[in-house]
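# Summary of the model geometry
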Amino acid sequence: MHAFTPGRIGRLEIKNRFVRAATSETMATDRGEVTPELIELHQTLAANSVGLSLLGHAFVHIRGQSLPNQTGIHDDDMIPGLAQLTGAVHSAGGKIFAQLAHAGNQGGMSDFAMVAPSAMANALTGSVAEPASDEEIEEVIEAFGAAAARAREAGFDGIHIHAANGYLISSFGSPHSNIRTDRWGGDAERRSRLLTRVYQSIRDVVGPEFPVTAKVGMEDQVDNGLELSESVERVRDLAGLGLDGIEVSVGLMASGADSCHKYVAVDRRRALADHLYFRMFSPPSGEAYFEPYAQAIRAVVPDLTLLLVGGMRTTETVERVLAEGSCDFVCLARPLIREPDVVAQIEAGRRGRFDCTSCNLCLENEGATRLQCWRTPRVRLIHAAAAHIRRRVQSKSH
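Below you will find a few notes about this structure.

The rules behind the values
Going along each chain's sequence as written, the residues are numbered from 1 onward. Selection of residues for local features in this predicted model requires a pLDDT of at least 70, selection of side-chain atom pairs for listing and counting requires 80 or more, and totals for whole chains, interfaces and linings are taken over all residues. Where side-chain values are given, they derive from all heavy atoms of the structure, hydrogens and water being excluded. When two cysteine sulfur atoms are found within 2.5 Å, that pair is recorded as a disulfide. Only protein chains enter the area calculation, which uses a 1.4 Å probe; residues under 20% of their type maximum are buried, those over 50% are exposed, and those in between are partly exposed. For the purposes of this entry, the term helix denotes a DSSP run of H or I that reaches at least four residues, the term strand denotes a run of E that reaches at least two, and both are numbered from the N terminus. When DSSP finds at least two bridges between two strands, those strands are taken to pair. Viewed with both strands pointing away, a crossover whose connecting path from the first strand over the helix to the second turns clockwise is right-handed. Each polar contact in these results corresponds to two N or O atoms within 3.5 Å; when the atoms are within protein, one needs to be able to donate a hydrogen and the other to accept it, and residues that are neighboring in sequence are counted only if both atoms are side-chain atoms. We call two residues in contact when some of their heavy atoms are within 4.5 Å.

This part is about the state of the cysteines. Under the definition given, this model contains 0 disulfides. In this structure C356 is not part of a disulfide, and its nearest cysteine sulfur, from C362, lies 6.6 Å away. A relative accessible area of 7% places C356 in the buried class. Of all cysteine sulfurs in the structure, the one in C359 sits closest to C373, which takes part in no disulfide; the separation is 6.3 Å.

Before going further, it helps to spend a moment on the pairing of strand β4 (residues 52-59). Counted residue by residue, β4 has 8 buried out of 8 residues, so it is predominantly covered. Two strands pair when backbone bridges link them, and strand β3 (residues 18-20) and β4 are joined in this way by 2 bridges, in the parallel orientation. By the bridge assignment, R20 is partnered in β4 with S53. Where β4 meets strand β5 (residues 95-101), 6 bridges bridge the pair, whose relative direction is parallel. Within β5, the residue paired with L55 across the bridge is A98. After leaving β4, the chain enters helix α2 (residues 79-91) and then returns to the sheet as β5, a path that is right-handed.

As a further point, take the side chain of H102. You can see H102 is positioned in the loop between β5 and α3 (134-153). With relative accessibility at 2%, the residue H102 sits in the buried group. From its side chain, H102 meets the backbone nitrogen of G104 in a polar contact 3.0 Å long. Beyond its immediate stretch of four places on either side in the chain, H102 contacts V60, H61, R63, G64, V115, V140, F144, Y167 and L168.

Shown next as structure tokens:
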């Protein structure tokens, strides 16, 4: 399979084309420190032939934390634990990038004032924050640079900037959420400024040869939002500045399923086997649903390394998107939650469909419990139902 040929991101060689997407783990301490659970997760993936692992959105500033037990990279005290994590991944034969993130006004932590481009309700959460001052924006940019320095010191193989899914950078990039008229908003060039400055801050710290990639929201899922043509030009400019690769995704989201479609490639027989009875009366979602975004970039910046996430659920689709040149690397998120060894199984000859049915129970419990598949073993479905009821009760009480 082409998927098991080496690939490159910048000057870094990856042993194959499989990437663990930066799925939120909810496995850090209350302060954001690395735990043995988090180390075991990424070490297990590396030991099972995942070429590159992306650490789930590590917050770069205390005001940028999204959820409880999120990994932090905002303080030098985090470095020793992060170094243990990278060492474990390397010992298992893998590579790992640190995904750097700031939640903006999509954060779930109430102890700190949120940061946003404008006093607009977040499309996903409804949260509103005062427009960030120049000083606050510069503080964010410095925080990304400082976090990149910590990541390099801790032994990460590269940096992955989170500029998608409604978090701070993507909110600055959207005409829906950014209605500023100063140097940080007002037209496409100024809406791009925060991402450009963050990238330059990171590049200044890590140097020209260290791999730096970004997850970019290519299109908003709300009215009057970011359009694909604007984001393609944004990516072209970043590539011109030396960015080593792009992972495509959506920008502002009205629902969590906007970035993680449900029931991908799940036919009726598979739905019945996984107790998805309500899915048996509706069509399945299609595979590789972000592929058009990658193709749009490929047409304009043909040499840029592309990482494709979003609904690869069969070995046939993995091979096709790589063979046709839609991407250079395939990112798997939910399939590796259910089957951490699926890449090793494919390497050993497995073909066909992955077990994951994209029910999204793993994502619904983000920030409440550690990352896990709630369908294996089956008894976890009872725990998932109980967790759902608790959330409903808590939301009504607030």
